[in-house]
Amino acid sequence: MPILVEACPGYRLITLNRPERLNALTVEMADALSAALDAAAADRGCRAVVLTGAGRGFCAGQDLTAIQGMTSAEIAALLDHYNPLIRKLRALPMPVVCAVNGVAAGAGANLALACDIVLAAQSATFVQAFARIGLIPDCGGTWILPRLVGPARARALAMLAEPVPAETAAQWGMIWQAVADDRLMDEAHALAGRLASGPTEGLALIKRALDAAAANDFDHQLDLERDLQAEASATPDHAEAVRAFLAKRPPSFAGRRS
Ligand code: LHQ
C-alpha cells in the first residue's frame, strides 16, 4: 500500500508509506493519494486532512529508480499524474495540515508546501533537490516557493539545492511552525481536530481567496472578496457564530453541507 488512510474524529490522516525509500514518489503513490483526497472530499464528515510520511523521511521526491532510462516525454507524462494531485490539494474544500516528519526533497518538498498549514519536526529539512540532478523545481515549486520566501531566497534555494532546516523554514515563512520531533504528531492531530470543528465552508473559501490573490490585481481581488464573502455569509456556520457571539457562548460549527 503506497499510502495509508486512517479515520480520525472529523478528519483523515494520510500517510505516505514507502519508508524504505524515504517515501519517494511513484505514479502509484500519487494516484493513490489523489484517490484518498477524492474520498475525503466525498465524505461530509471529513473536515480536514493531515498528510505525513512513514519512517524517518517525509518524501524524497520522485523515485529516481523509476525514472532511470525514461524518455523526456515519459518524464513529462509523470507530471500528468503529479499536477492533478497538487491542484486537488490546493482546491480541496477543507484545510490540509502537513506534518513533515523528516526530509522533504524535490517534489516531496513542494508537495508539503502545497498544503495549507505545514508543521515540521525540528530535525526535518526541505531540499529543492532538483538542480542536483539537472532538473527544475516542479509540483508548483517555481510558483509557491518565491511567494513563500521571496524571490532572492527562492532562486538561491532552487539553484544551490541546499537543505533548509525546519527552524529556518519557519523563520523564513516557508512553513507555519517547527516543533520538537516527539511533539510533531500530537501537534498535527491537535491542529486538525481544531480545524475539523471549524467553519469548514468558510475555511474552504479562505483557500480560494488566497490562491486567487496570487494571480489577481488588487481591484479584481477586492471584487472576488466581495463575492466569496457573500458565499461565506450565506453559510449556516456564519449565522451560528454570530448568534454564539451575541449569546456569549462558544459556537458549534456544523461544517459541510455537501
Ligand atoms: C531514494 C530516493 C529517491 C529512490 C532516497 N528515489 N530512492 C522529477 C522527474 C520527473 C518527473 C516528476 O518529478 C520530478 C521531481 C523530483 O522530485 S526530482 C528530485 C528527486 N529527488 C531527489 O533527487 C532526492 C534524492 N534523495 C536524496 O538526495 C537523499 O536521499 C535525501 C537528501 C532525500 C536523504 O538523504 P539521506 O537521509 O542520507 O538518505 P539516503 O540517501 O541514504 O536514502 C535512504 C534510502 O532511500 C536509500 O536507499 P538504500 O537502499 O541505499 O537504503 C536511497 O537510495 C533511497 N532514496 N531518495 N528519490
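The structure presented is a predicted model; accordingly, all values stated were derived computationally and were not measured.

Calculation rules
Residues numbered from 1 in each chain as written. Predicted model: local features only at pLDDT ≥ 70, side-chain atom pairs only at ≥ 80, totals over all residues. Heavy atoms only, no water. Pairing = 2+ DSSP bridges. Helix = DSSP H or I, 4+ residues; strand = E, 2+ residues; numbered from the N terminus. Near = heavy atom within 4 Å. Polar contact = N/O pair within 3.5 Å; in protein donor to acceptor, adjacent residues only side chain to side chain. Areas by Shrake-Rupley, 256 points an atom, 1.4 Å probe, with all protein chains shown as cover. Salt bridge = Lys/Arg side-chain N within 4 Å of Asp/Glu carboxyl O. Axes fitted to C-alpha atoms, helices over the stretch in contact; angles between N-to-C directions.

*Asks:* I'd love a proper account of the sheet that holds strand S8 (residues 125-127), names of residues and values included.
*Replies:* The strands that make up a sheet are held in pairs by hydrogen bonds between backbone atoms, and each pair lies either parallel or antiparallel. Overall, mixed pairing links the four strands, which are arranged S4-S6-S8-S9 in an open sheet. In this open sheet, the two strands that pair with only one neighbour each are strand S4 (57-59) and strand S9 (164-165).

*Asks:* Could you give an account of the site of the ligand, with specific residues and numbers?
*Replies:* Lining the immediate environment of the ligand, one finds 25 residues, of which Ala60, Gln62, Leu64, Ala107 and Asp138 sit closest. Contact between the ligand and arginine 56: an oxygen atom at 2.9 Å from a side-chain N or O atom of the residue. One of the backbone nitrogen or oxygen atoms of alanine 60 is found 2.9 Å away from a nitrogen atom of the ligand. Protein chains bury 67% of the 1,000 Å² of accessible surface belonging to the ligand in isolation.

*Asks:* Go over the pattern of salt bridges with me, naming the residues and quoting the values.
*Replies:* A full pass over the atoms with the stated rule returns 12 salt bridges. For arginine 243, the salt bridge identified is with glutamate 240, shortest N-O distance 3.2 Å. Residue arginine 243 and its partner glutamate 240 are located together in helix H11 (residues 236-246), separated by three residues, close to a single helical turn. Shared partners join several salt bridges into a network, and the residues in it are Arg183, Asp186 and Glu187.

*Asks:* Got a sec to walk through the sheet that holds strand S5 (residues 96-100)? Specific residues and values, please.
*Replies:* The strand order S1-S2-S3-S5-S7-S10 describes an open sheet built from six strands, whose pairing is mixed. The outermost strands of the open sheet, each flanked by one partner alone, are strand S1 (3-8) and strand S10 (177-179). On average, each strand axis in the sheet is tilted by 20° relative to the strand beside it, whichever way the strands run. Across three bridges, the pairing between strand S7 (residues 117-121) and S10 is parallel.

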